[in-house]
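Residue-level structural notes
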Amino acid sequence: MIFPQSFPVFYSLGLVAIISTIMFFWRSQVLKKKIFEKLNSLPSLLVLGPSKTGKTTFLLSLSNSYPQNSILEDGMNISNLKIGDKEIQLIEIPFTKGVENLSIVKKMNVLGGFYIFDVSKNSLTIEEQLENFKLVKEFLKKPLVLIANKIDVADTEKIEKLKNFGEEVYMISLIDSSKKKELEDIMVLMKKLSSEILEEKINST
Amino acid sequence: MKKFQKFLLKTFIFTILLNILVCSSTLLLHELGHFFLGAEAGCKNIKLVLLDSELGTYTEMNCPKEQSFFFASLGAFIFVVPFSLSFLFLKNFPEKNLSWISLGFNFTIGLVDFPPIIFVQMAGAFFGFLLIGYGEMVLIDDLLFFYKGVK
């Protein structure tokens, strides 16, 4: 006989809990794998920048669909976008000082991205933002388009410092509809950037 | 990945609690099945012990005929089946899969009521644990995948 005459409660419940724990560990690993497979399968453009610079609004403006909140990180949003016959994903990366937040993109098929600066009066100093940008650029080693948002409430000193940085910066205001032209320019630039890199990748394989 | 880890931890605790709740209810109903069906079959001195000194759960009874005892023993398994199957009504929720776990657990604990033949008990235990394992897998899959749009 392999079973006792009476069934100890904690023994039987414990056994079920052990089975459940083993199954949970296995299935959560499968889930994690699936999430990363999905995330890494499409070419990606990253949307980077300090907190409250308008990264989500920028994502929304470019993709015209509400971004999907990722299960992996708070503040990580994903939008899918069609460029010609190819599909790419725009991924908003939440801000942290340094490049700690970028470990997640290591295995992704990153084409490039947008770095958004906040030039409003109450934002981080432009030096801090540029310092972070340099770290990001060095880490990614991919083309980044520089965007200065909130120019409707801008600190002119910050704009000047940004202009003197030496790279082309697109000045926009995501809440000001009269600045739609700049956004369209960015869209064209993004399409160009994505298709050039995609083409390059296809040719090289 | 703090958000993901938090989500996993919350889902894990929820899964374990669901399991404990459903299996405890299954065990209680199983013993109640012995109790009521024993009384129905004319058994005397029926005593339902929820927790003895060794934390065991069982029902004692003196039955007049072999058939009555068999009725009280096997009936307990059948007594719980409607409870197990009732989870299937939650067809749009992951919790519908608790049905398999409850059935498997009921089957496994019901094995102590069978004649002590090793082959029967081993085969029964294998089938019971298979049901529990399948139930756990589909429950956890649904809890993890379904709500996150990964499936």
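Residues take numbers from 1 onward in each chain, read along the sequence in its written order. Starting at A for chains and at 1 for ligands, labels are handed out in the order in which the entities are written. Local features are withheld for residues below a pLDDT of 70 in this predicted model, meaning they are given only at 70 or higher, and side-chain atom pairs are given and counted only at 80 or more; totals for whole chains, interfaces and linings count all residues.

Our next topic: the interface of chain A and chain B. Our contact criterion uses C-beta atoms placed from the backbone: two residues qualify when those atoms are within 7 Å. Contact residues are listed per partner, giving 28 residues for chain A and 39 residues for chain B. Working definition: helices are DSSP H or I runs of at least four residues, strands are E runs of at least two. Numbering for both runs from the N terminus. Put simply, the parts of the chain that give the side of chain A that touches chain B at least two residues each are strand E1 (7–8) and helix H1 (9–41) of chain A. Top contributing element to the side of chain A that touches chain B by residue count: H1(A), with 16 residues. For the side of chain A that touches chain B, the class distribution of residues is 18 nonpolar, 5 polar and 5 charged. In the scheme used here, Gly and all other residues not listed as nonpolar or charged are polar, with Ala, Val, Leu, Ile, Met, Phe, Trp, Tyr, Cys and Pro taken as nonpolar and Asp, Glu, Lys and Arg as charged.

Both faces of the sheet carry side chains from a regular strand, because those side chains alternate between them. Residues and elements named next belong to chain B. To sort residues by exposure, count the other C-beta atoms lying within 10 Å of each residue's C-beta; 20 or more gives buried, 12 or fewer gives exposed, and values between give partly exposed, all with C-beta atoms placed from the backbone. Every second residue of strand E2 (residues 56–62) is oriented toward a common face, the buried set being Thr57, Thr59 and Met61 and the non-buried set Gly56, Tyr58, Glu60 and Asn62. Pairing between strands requires that DSSP locate at least two bridges from one strand to the other. The sheet contact formed by strand E1 (residues 44–49) and E2 spans 4 bridges and is antiparallel. Note that in E2 the partner of Lys47 across the bridge is Glu60. From the end of E1 to the start of E2, which pair antiparallel, there are 6 residues, and Leu55 there has a positive phi angle of about 60 degrees.

All names here are of chain A. For the domain bounds, the source is a domain assignment made automatically or taken from a database. Per the domain assignment, the segments of chain A are domain 1 (1–41) and domain 2 (42–204). Facing the 4 residues of domain 1 at the interface are 6 residues of domain 2. Taken together, the residues that form the side of domain 1 that touches domain 2 break down as 2 nonpolar, 2 polar and no charged.

What follows covers the packing of helix H1 (residues 2–40) of chain B against helix H3 (residues 98–110) of chain B. All names here are of chain B. At their nearest, the axes of H1 and H3 sit 9 Å apart, and the two run at 45 degrees to each other. As the angle between them shows, H1 and H3 are arranged oblique. Classified by chirality, the crossing of H3 by H1 is right-handed. Contacts between H1 and H3 involve Leu18, Asn19, Val22, Cys23, Thr26, Leu27 and His30 from the first element and Leu98, Ile101, Ser102, Phe105, Asn106, Ile109 and Gly110 from the second. Here the axes come from fitting lines to C-alpha atoms, over the contacting stretch only for helices, and the angles between their N-to-C directions go from 0 to 180 degrees. Oblique is the label for any angle not covered by the other classes, which are roughly parallel (under 35 degrees), roughly antiparallel (over 145) and roughly perpendicular (65 to 115). Crossings are assigned a handedness: left-handed for a near helix turned anticlockwise from the far helix by less than a right angle, right-handed for a clockwise turn.

A few words now on the environment of Leu189(A). Within the secondary structure layout, Leu189(A) lies in helix H5 (residues 180–204). Sequence spacing of Leu189(A) and Val145(A) is 44 residues, and the spatial spacing of their C-alpha atoms is 8.7 Å.

Here the focus is the confidence of the model for chain B. Residues and elements named next belong to chain B. Mean pLDDT for chain B: 85, with 95% of residues reaching 70 or above. For chain B, E2 is the element with the lowest average pLDDT, namely 79, and H3 is the one with the highest, namely 91. We note a pTM of 0.75 for the whole complex and an ipTM of 0.84 for its interfaces. What pLDDT conveys is the predictor's confidence in a given residue, as a value from 0 to 100.

Looking now at the sheet that holds strand E2 (residues 43–48) of chain A. The strands that make up a sheet pair up through hydrogen bonds in the backbone, lying either parallel or antiparallel. Residue and element names in this part refer to chain A. What the 7 strands build is an open sheet, ordered E3-E4-E5-E2-E6-E7-E8; its pairing is mixed. Two strands lie at the open edges of the sheet, namely strand E3 (68–69) and strand E8 (169–171), each paired on one side alone. Direction of pairing for strand E6 (residues 109–118) relative to strand E7 (residues 144–149): parallel, over a ladder of 6 bridges. What sits directly across from Phe114, in E7, is Val145. Most of the contacts of helix H3 (residues 126–140) go to E6, to which it runs at about 175 degrees, and overall it touches E2, E6 and E7.

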